[in-house]
Amino acid sequence: MNALDLPRLAPLPSLHADCALARHVQPSWALQSLADRLRFVRQLRHEIAASAGELAGAAAAVAGRPLAEKLISEVLPLADACRWLERSAAQILSDRHHGRSGRPFWLRGTSFVVHRQPFGLVLVIGPVNYPLFLPAVQVLHALVAGNAVLVKPAPRTRGVMLLFARLARACGLDPRLLTILPEEIEAGRACLPHVDKVIFTGSSENGRSVHQELSIRNTPAIMELSGADAVVVLEDGDLDLVIQALRFGMIWNGGDTCIAPRRLLSHDSIARQLHDKLLQAGLSHLQPEGFLDETDVVQLVSNQDFGLGASIFSRDEQRAAALGKRMQTGFVTINDLIVPTADPRMPFGGLRKSGFGVTRGAEGLREMTHPHVVATRRGKTRAHFQPLIDSDAELVSSYIAAAHSEKFATRWRAARRVLRLLMSRRGRVK
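The model shown is predicted, which means the values in this text are computed figures rather than measured ones.

What follows deals with the overall build of the protein. Of the regular secondary structure elements, the protein holds 15 helices and 16 strands. With respect to the principal axes defined by its C-alpha atoms, the protein has extents near 90 × 65 × 40 Å. Among the 430 residues that make up the protein, the fraction classed as buried is 47%. Summarising the internal contacts of the protein: among those between residues at least 6 apart in sequence, 73% fall at separations of at least 24. When the accessible surface of the protein is split by element, carbon and sulfur atoms take 55% of a total near 21000 Å².

Laid out in structure tokens, this is it:
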């Protein structure tokens, strides 16, 4: 059976019922130990390996891409993302305890624990260009963090996500925790009022439309939107390597990759030579834009509307890294294109019209949670419970001077005032 012709996992009830079922089971899923949730991920990784050809075939059929390409670009990084979660999620989502170290003096006796809590119900709106890898990784991060998930697939991609959901169910996942919605965008928008966070991957135009609706309810979102990435070639760049990279970037996934090269910036001293090599390679549609120095490059890349990624080609890796650090983009690759962004350890996201928030990596996993702080005060003294008196303004200002003034003498005099005022206050307030 072709994966795209798979039957529904179950008769699809109304959207309200889907959301209600997901919300019903999500708290018990969140209460399971993280170790239990990661055992599911490990088993799923093994199922992905066993079904690699079927998964790649389903993804390849969406746009008629080669099977090997989808094995490399979607199945392999998905399996690696699973293994990264198995190894890293426990530390990333662990509680953080804060006691005496660094605590303000006026909070003595107080300790804090920062927990990571799931949002509840997360909506993943998937893209058409990578119909398996991108939404599936986002689903896994959300599930590992303790959320239930709805997926709104892009047109022609529902079969891919149904296959992924079938594998997840075979590994013991409660089907109510992962619902694959119809492909129609109206179905995606219809569920916006019912979810607690949205991850959208797609065009800037559609992203703005979704975000506008979310803003009415203050629903948080991650927007992974379009790119217009620049390839920067410094005067010492390996031009043959640049040509290979550009050819790869233009044909990989049929050119339908958000971080594919869309702009070519070349140092003036090699612009003509690069132009000739482009003609020889049949890449004449890419015309190098000249620049004089690194400041020009930073402005050209950082001031454009999109800020997803950029690439730099130079034989001086340290110089290229220093230049990349100055660019206002989400990702910079040096002497490479596209592929390094699939490392599961690395966060991925853009700026400006390329969106906001990140997926993948430690930062992306934490995006599936919100911080929840529990503070505990020990001892019986609660000076702040006492009514304010006239001298309290002088007491607090003296404490600020004692704690934060530049000169030692000023801090010493202020500390003596604090002690005197505290003694006076103790005598007046019972």
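Next comes the rest of the account.
We now examine the packing of aromatic side chains. Following the criterion strictly, the structure yields four aromatic pairs and no others. Seen in terms of ring centroids, Phe248 and Trp252 are 5.2 Å apart; in terms of plane orientation they differ by 35°. Their pairing is tilted. Residue Phe248 is classed as partly exposed on the basis of its relative accessible area of 24%. Aromatic side chains Phe331 and Phe348 sit 6.3 Å apart centroid to centroid with 45° between the ring planes, which places their arrangement in the tilted category. Residue Phe331 is located in strand E13 (residues 331-334), and its partner Phe348 is located in the loop between E13 and strand E14 (351-352); the two are separated by 17 residues in the primary sequence. As far as burial versus exposure is concerned, Phe331 and Phe348 are alike and both buried. The side chain of Arg108 reaches across the aromatic face of Phe105, ending 4.7 Å from its centre.

A few words on helix H6 (residues 158-170). With 13 residues, H6 should cover 18 Å at 1.5 Å per step; its first-to-last C-alpha distance of 18 Å lies within 8% of that length. Along H6, ten of the 13 residues are buried, which leaves the element largely enclosed by surrounding structure. Buried within H6 we find Arg158, Gly159, Val160, Met161, Leu162, Leu163, Phe164, Ala165, Leu167 and Ala168. Directly after H6, the chain includes Gly172, whose backbone phi takes a positive value near 100°.

Okay, the packing of helix H9 (residues 239-251) against helix H10 (residues 271-280) next. It is at 10 Å that the axes of H9 and H10 come closest, and there the two elements cross at 45°. Relative to H10, the element H9 is oriented oblique. Considering the relative orientation of H9 and H10, their crossing is right-handed. Contacts between H9 and H10 pair Leu239, Asp240, Val242, Ile243 and Leu246 from the former with Gln273, Leu274, Lys277 and Leu278 from the latter. Taken together, the residues that form the contact of H9 with H10 break down as six nonpolar, one polar and two charged.

Residue placement: Lys152 occurs in strand E4 (residues 148-152). Distance from Lys152 to Trp412, taken between C-alpha atoms, is 63 Å for residues 260 residues apart in sequence. At 2.8 Å, the side chain of Lys152 forms a polar contact with the backbone oxygen of Glu183.

So, about the sheet that holds E13. One open sheet holds the five strands; their spatial order is E10-E9-E8-E12-E13, and the pairing between them is parallel. Edge positions in the sheet fall to strand E10 (289-291) and E13, since each has one partner strand and no second. Geometrically, the sheet is characterised by an average inter-axis angle of 25° between neighbouring strands, direction not taken into account. One ladder, built from five bridges, connects strand E8 (residues 229-233) with strand E9 (residues 261-267); its direction is parallel. Looking across to E9, one finds that Val231 is bridged to Leu264. Packed onto the sheet, helix H12 (residues 317-326) meets strand E12 (309-313) and E13 and runs at close to 165° relative to E13.

The next point concerns the sheet that holds strand E1 (residues 96-98). Judged by pairing direction, the sheet is antiparallel, and its three strands sit side by side in the order E1-E2-E16 without closing on themselves. Two strands in the sheet have a free side with no partner beyond their single neighbour: E1 and strand E16 (369-377). Within this sheet the neighbouring strands show an average axis-to-axis angle of 20°, counted without direction. Examined bridge by bridge, E1 and strand E2 (residues 110-118) share three bridges and lie antiparallel to one another.

Turning our eyes to something else, we now look at the environment of His141. Relative to the helices and strands, His141 is located in helix H5 (residues 133-144). The class for His141 is buried, based on a relative accessible area of 3%. The spacing of His141 and Leu178 is 37 residues in sequence and 12 Å in space, taken between C-alpha atoms. Discounting residues that sit within four places of it in the chain, His141 has contacts with Trp84, Leu85, Arg360, Gly361, Gly364, Leu365 and Met368. For His141, the side chain forms a polar contact with the main-chain nitrogen of Leu365, separated by 3.5 Å.

Unlike most non-glycine residues, Arg156 shows phi in positive territory, near 75°. Mapped onto the elements, Arg156 comes out in the loop between E4 and H6. Within the chain, Asn218 stands out as a residue other than glycine whose phi angle is a positive 55°.

The rules behind the values
Residues numbered from 1 in each chain as written. Predicted model: local features only at pLDDT ≥ 70, side-chain atom pairs only at ≥ 80, totals over all residues. Heavy atoms only, no water. Helix = DSSP H or I, 4+ residues; strand = E, 2+ residues; numbered from the N terminus. Buried < 20%, exposed > 50% of the residue type's maximum accessible area, 1.4 Å probe, protein only. Contact = heavy atoms within 4.5 Å. Areas by Shrake-Rupley, 256 points an atom, 1.4 Å probe, with all protein chains shown as cover. Phe/Tyr/Trp six-rings, centres within 6.5 Å; stacked < 30°, edge-to-face > 60°. Lys NZ or Arg CZ within 6 Å of the ring centre and 35° of its normal. Expected span 1.5 Å × (residues − 1). Axes fitted to C-alpha atoms, helices over the stretch in contact; angles between N-to-C directions. Parallel < 35°, antiparallel > 145°, perpendicular 65-115°, else oblique. Left-handed = near helix turned anticlockwise from the far one by under 90°. Nonpolar A, V, L, I, M, F, W, Y, C, P; charged D, E, K, R; others polar. Polar contact = N/O pair within 3.5 Å; in protein donor to acceptor, adjacent residues only side chain to side chain. Pairing = 2+ DSSP bridges.

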